[in-house]
Amino acid sequence: RSASIEAHKRQKLEEDLVKSAEEVHDLYNNAPCGYHSLDSNGSIVRINDMEASWLGHSRENMIGRPFKDFMTPSSRERFTENFNRLKKEGLVRDVEYDLVRKDGSAFPVMVTASAVTDPQGNFIMSRSMVLDVTQRRVQEERLRESEALYRTALETTSEGVTILQDGNYVYVNQKFLDTISVTDEYLKNKKNLGHLIHPDDFASIKEEYTKRLRGEPTSGRHEVRVIKPDGNIIHLLSTSVDITYRG
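Since this is a predicted model, take the numbers as computed values, not measurements.

**Considerations on the layout of surface pockets**
Vacant regions in the atomic arrangement are exposed by a probe of water-molecule size rolled over the atoms.
Okay, step 1: Considering only enclosed or pocket space, the largest pocket measures out at about 1,500 Å³ in volume.
Okay, step 2: As for the largest pocket, its lining consists of 41 residues, of which Thr 162, Leu 164, Tyr 169, Ser 238 and Ser 240 are closest to the centre.
Okay, step 3: Broken down by secondary-structure element, the contributors of at least two residues to the lining of the largest pocket are helix H5 (134–156), strand S6 (162–165), helix H6 (174–180), helix H8 (199–214), strand S8 (221–227) and strand S9 (233–239).
Okay, step 4: By residue number, the principal contributor to the lining of the largest pocket is H8, which donates seven residues.

**Regarding empty space enclosed by the protein**
Okay, step 1: A complete count under the given rule lists one cavity of 30 Å³ or more for this structure.
Okay, step 2: Reported here for the largest cavity is a volume of approximately 90 Å³.
Okay, step 3: Lining the largest cavity are 14 residues, and of these Phe 79, Val 92, Tyr 97, Val 111 and Ala 113 sit closest to its centre.
Okay, step 4: Among the secondary structure elements, those contributing two or more residues to the lining of the largest cavity are strand S1 (34–38), helix H4 (73–89), strand S3 (91–100), strand S4 (106–117) and strand S5 (123–132).
Okay, step 5: Ranked by the residues each element gives to the lining of the largest cavity, the list is headed by H4, at four residues.

**What to know about the pairing of S9**
Okay, step 1: In this sheet, S9 lies alongside S8 in antiparallel orientation, the contact comprising seven bridges. Paired with Glu 223 across the two strands is Leu 237, which belongs to S9.
Okay, step 2: Connecting the antiparallel pair S8 and S9 is a turn made up of five residues, with Gly 231 showing a positive phi of about 95°.

**Side note on H8**
Okay, step 1: Along its 16 residues, H8 runs 24 Å from first to last C-alpha, staying within 8% of the 22 Å computed at 1.5 Å per residue.
Okay, step 2: Tucked into the core, H8 has its buried residues touching S8.
Okay, step 3: The positive-phi residue at the C-terminal boundary of H8 is Gly 215, with phi of around 80°.

**Side note on the side chain of Ser 126**
Okay, step 1: Inspection of the secondary structure assignment puts Ser 126 in strand S5.
Okay, step 2: Taking the relative accessible area as the measure of exposure, Ser 126 reaches 0% and is therefore buried.
Okay, step 3: A polar contact is formed between the side chain of Ser 126 and the side chain of Ser 128, at a distance of 3.3 Å.
Okay, step 4: Excluding anything up to four places from it in sequence, Ser 126 contacts His 36, Ser 37, Leu 38, Leu 86 and Ser 114.

**Looking at a nonpolar patch on the surface**
Okay, step 1: A contiguous nonpolar surface patch, about 330 Å² in accessible area, is contributed by Tyr 150, Val 241 and Ile 243.
Okay, step 2: With respect to the helices and strands, the residue Tyr 150 is situated in helix H5.
Okay, step 3: Its relative accessible area of 49% is what places Tyr 150 among the partly exposed residues.

**Some details on the pattern of salt bridges**
Okay, step 1: Scanning the entire structure with this criterion turns up eleven salt bridges.
Okay, step 2: The closest approach of N and O atoms between Arg 65 and Asp 69, which form a salt bridge, is 3.7 Å.
Okay, step 3: Residue Arg 65 is classed as partly exposed on the basis of its relative accessible area, which comes to 28%.
Okay, step 4: Note on Asp 69: relative accessible area 40%, which makes it partly exposed.
Okay, step 5: Residues Asp 98 and Arg 137 are paired through a salt bridge, measuring 3.4 Å at the closest nitrogen-oxygen approach. Highlighted residues: Asp 98 in strand S3 and Arg 137 in helix H5, separated in sequence by 39 residues.
Okay, step 6: Three or more residues joined by partner-sharing salt bridges are found here, namely Glu 96, Asp 98, Arg 136, Arg 137 and Glu 140.

**Things to note about the sheet that holds S3**
Okay, step 1: Read from one edge to the other, the open sheet built from five strands follows the order S2-S1-S5-S4-S3, with strand pairing classed as antiparallel. The sheet is open, and its two edges are formed by strand S2 (44–47) and S3, each paired on a single side. Each strand axis lies, on average, 30° off the axis of its neighbour in the sheet, ignoring direction.
Okay, step 2: Two strands pair when backbone bridges link them, and S1 and S2 are joined in this way by three bridges, in the antiparallel orientation. When the sheet's bridge partners are listed, Ser 37 is paired in S2 with Arg 46.
Okay, step 3: Against the sheet, H4 makes contact with S1, S3, S4 and S5, and its axis sits at roughly 155° relative to S3, the strand it touches most.
Okay, step 4: Sheet contacts for H5: S3, S4 and S5; angle to S4, the most-contacted strand, approximately 130°.

Each value, and the rule that gives it
Residues numbered from 1 in each chain as written. Predicted model: local features only at pLDDT ≥ 70, side-chain atom pairs only at ≥ 80, totals over all residues. Heavy atoms only, no water. 1 Å grid on protein atoms, 1.4 Å probe; cavity = no way out; pocket = protein on both sides within 12 Å on 5 of 7 lines; lining within 4 Å. Points joined across faces, edges and corners; volume = space filled by probe spheres on them. Helix = DSSP H or I, 4+ residues; strand = E, 2+ residues; numbered from the N terminus. Pairing = 2+ DSSP bridges. Expected span 1.5 Å × (residues − 1). Contact = heavy atoms within 4.5 Å. Buried < 20%, exposed > 50% of the residue type's maximum accessible area, 1.4 Å probe, protein only. Polar contact = N/O pair within 3.5 Å; in protein donor to acceptor, adjacent residues only side chain to side chain. Patch = residues over 30% accessible without salt bridge, like charges linked within 9 Å, V, L, I, M, F, W, Y side chains within 5 Å. Areas by Shrake-Rupley, 256 points an atom, 1.4 Å probe, with all protein chains shown as cover. Salt bridge = Lys/Arg side-chain N within 4 Å of Asp/Glu carboxyl O. Axes fitted to C-alpha atoms, helices over the stretch in contact; angles between N-to-C directions.

Dropping the structure here:
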């Protein structure tokens, strides 16, 4: 009976080990990201089903081939540089490449890789995680287009527009410069235009700005007299709103 119990325990242990191995295998192949390993020559020794499916190839068709075979020409030189750094330093993070599918179309990925070494520190292979960043690229392009349209709108509006950050002007459009008769170079040298505000208006403008910095409610709309460099005084109606601006 004791032998039977031990045999049952061994069988259960073996079944658990097989199940665990199957789960690890499934996780590796069906993870929501790509995994691959490259030998010291940069050839593929392992690749998961997910990454192979992105590229439109079977794993069997990719094993043994240089990873560079699946890159755009512009990415290959960058790969060689980073792969040499991986073998030397043991880690590279967030490197972007453009991979090429079997149908010839390209898509962007981000790769983080670590090195597997022997006890003497010699490189054996890489462990690489690959993320498809197509959607991020699309969003970045849309953001660039949006920023370009926004800047065009600011530069062509009939109103003067400024962005004040930490007490200094970080953006002014040409209409504002023309209105107060100063140049962009003049503004860069002066950083702010407090010295152009009429002395009788300066205190109220400063108080408005200080309240805004403290998060206190303000009218957001005020008249101010500005003394142009030639001594002439102009009256401006200013409307202020808070925005997030990174420069």
